[in-house]
Amino acid sequence: AAVFFSLEETEPAIRARLADLGHEGRARQIRVDTSDAICAEHVVRVAGDLPAGAVVAVDYLQLLDQRRTLPPLRHQVAALAGWASAAQVSVILLSQIDRRFDPSEGRMPGPDDLRLPNPVDRTLFARACFLHEGRIRVRPAA
């Protein structure tokens with residue numbers, strides 16, 4: 001079971017990307033939510049019925065507190081971490097890399113390269129996965 005939340009993409013664009021991965025049958029089983037109301041509270045409300053072991057993805061981290069009427073990003077991440085632990089689901093927060101990251105250096109981005117205009121307690125994350133030029137690196141988040 002999975003839900004993909006996006007404040008950036010449309011549902012047809014998300015569905016097309018999922019289909020491009022070659023798992024079209026499974027892609028149809030993923031719920032997609034592109035509501036403008038996406039925030040930690042919305043995620044928990046919509047995904048609250050998922051069974052243990054399910055996956056929730058949010059695209060993307062920096063937009064969760066874009067509307068200033070919502071709680072600060074650090075509070076939303078803490079709420080999602082608490083809910084994920086209690087519900088035994090995995091939450092994936094896609095993130096932008098800071099534009100100061102220089103891809104010509106040939107190095108992989110790391111935690112210090114995350115674009116975080118608002119502070120977040122990185123110890124709330126269990127792992128960090130970085131992708132760059134066809135390479136992948138998974139490491140403890142903090």
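You'll find the structure just up there.
Treat the numbers as computed from the prediction; the structure is a model and nothing was measured.

Visitor: Go over the side chain of His132, please, and point to the residues and values.
Guide: For His132, the location among the structural elements is in strand β5 (residues 127-132). Ignoring sequence-local partners within four residues, the contact set of His132 consists of Phe101, Pro103, Arg107, Met108 and Pro109.

Visitor: A description of a nonpolar patch on the surface should follow, citing residues and the corresponding values.
Guide: Together, Leu131, Ile136 and Val138 give the surface a local cluster of nonpolar side chains, amounting to about 330 Å² of exposed area. Relative to the elements of secondary structure, Leu131 occurs in strand β5.

Visitor: Kindly report on the pattern of salt bridges, identifying the contributing residues and their values.
Guide: For the structure on display, the rule yields eight salt bridges. Between Glu9 and Arg17 there is a salt bridge, with the nearest N and O atoms lying 3.4 Å from each other. Owing to a relative accessible area of 25%, Glu9 belongs among the partly exposed residues under this scheme. A salt bridge links Asp49 to Arg31, with the shortest nitrogen-to-oxygen separation between them at 3.0 Å. Linking Asp49 in the loop between α3 (40-47) and β3 (55-59) with Arg31 in strand β2 (residues 31-33), this pair joins segments that are 18 residues apart in sequence.

Visitor: Please give an account of the sheet that holds β3 that cites residues and values.
Guide: Read across the sheet, four strands follow the order β2-β1-β3-β4 without closing on themselves; strand pairing throughout is parallel. The open sheet is flanked by β2 and β4 (90-94), the only strands paired with a single partner. Averaged over all pairs of adjacent strands, the angle between strand axes in this sheet comes to 15°, irrespective of strand direction. Inspection of the sheet shows β3 paired to β4 by five bridges, in the parallel sense. Bridge assignment links Val58 to a residue of β4, and that residue is Leu93.

Visitor: Run through the pairing of strand β1 (residues 2-6), naming residues and quoting values.
Guide: Among the five residues of β1, five are classified as buried, and the element is accordingly described as predominantly covered. Alternating residues of β1 divide into Ala2, Phe4 and Ser6 and Val3 and Phe5, and every residue in both groups is buried. With five bridges connecting them, β1 and β3 associate as parallel partners. Looking at the pairing, Ser6 lines up with Asp59 of β3. Looking at chain direction, β1 and β2 are connected through three bridges and run parallel. Residue pairing across strands places Val3 opposite Arg31, the latter belonging to β2.

Each value, and the rule that gives it
- Residues numbered from 1 in each chain as written.
- Predicted model: local features only at pLDDT ≥ 70, side-chain atom pairs only at ≥ 80, totals over all residues.
- Heavy atoms only, no water.
- Helix = DSSP H or I, 4+ residues; strand = E, 2+ residues; numbered from the N terminus.
- Contact = heavy atoms within 4.5 Å.
- Patch = residues over 30% accessible without salt bridge, like charges linked within 9 Å, V, L, I, M, F, W, Y side chains within 5 Å.
- Areas by Shrake-Rupley, 256 points an atom, 1.4 Å probe, with all protein chains shown as cover.
- Salt bridge = Lys/Arg side-chain N within 4 Å of Asp/Glu carboxyl O.
- Buried < 20%, exposed > 50% of the residue type's maximum accessible area, 1.4 Å probe, protein only.
- Pairing = 2+ DSSP bridges.
- Axes fitted to C-alpha atoms, helices over the stretch in contact; angles between N-to-C directions.

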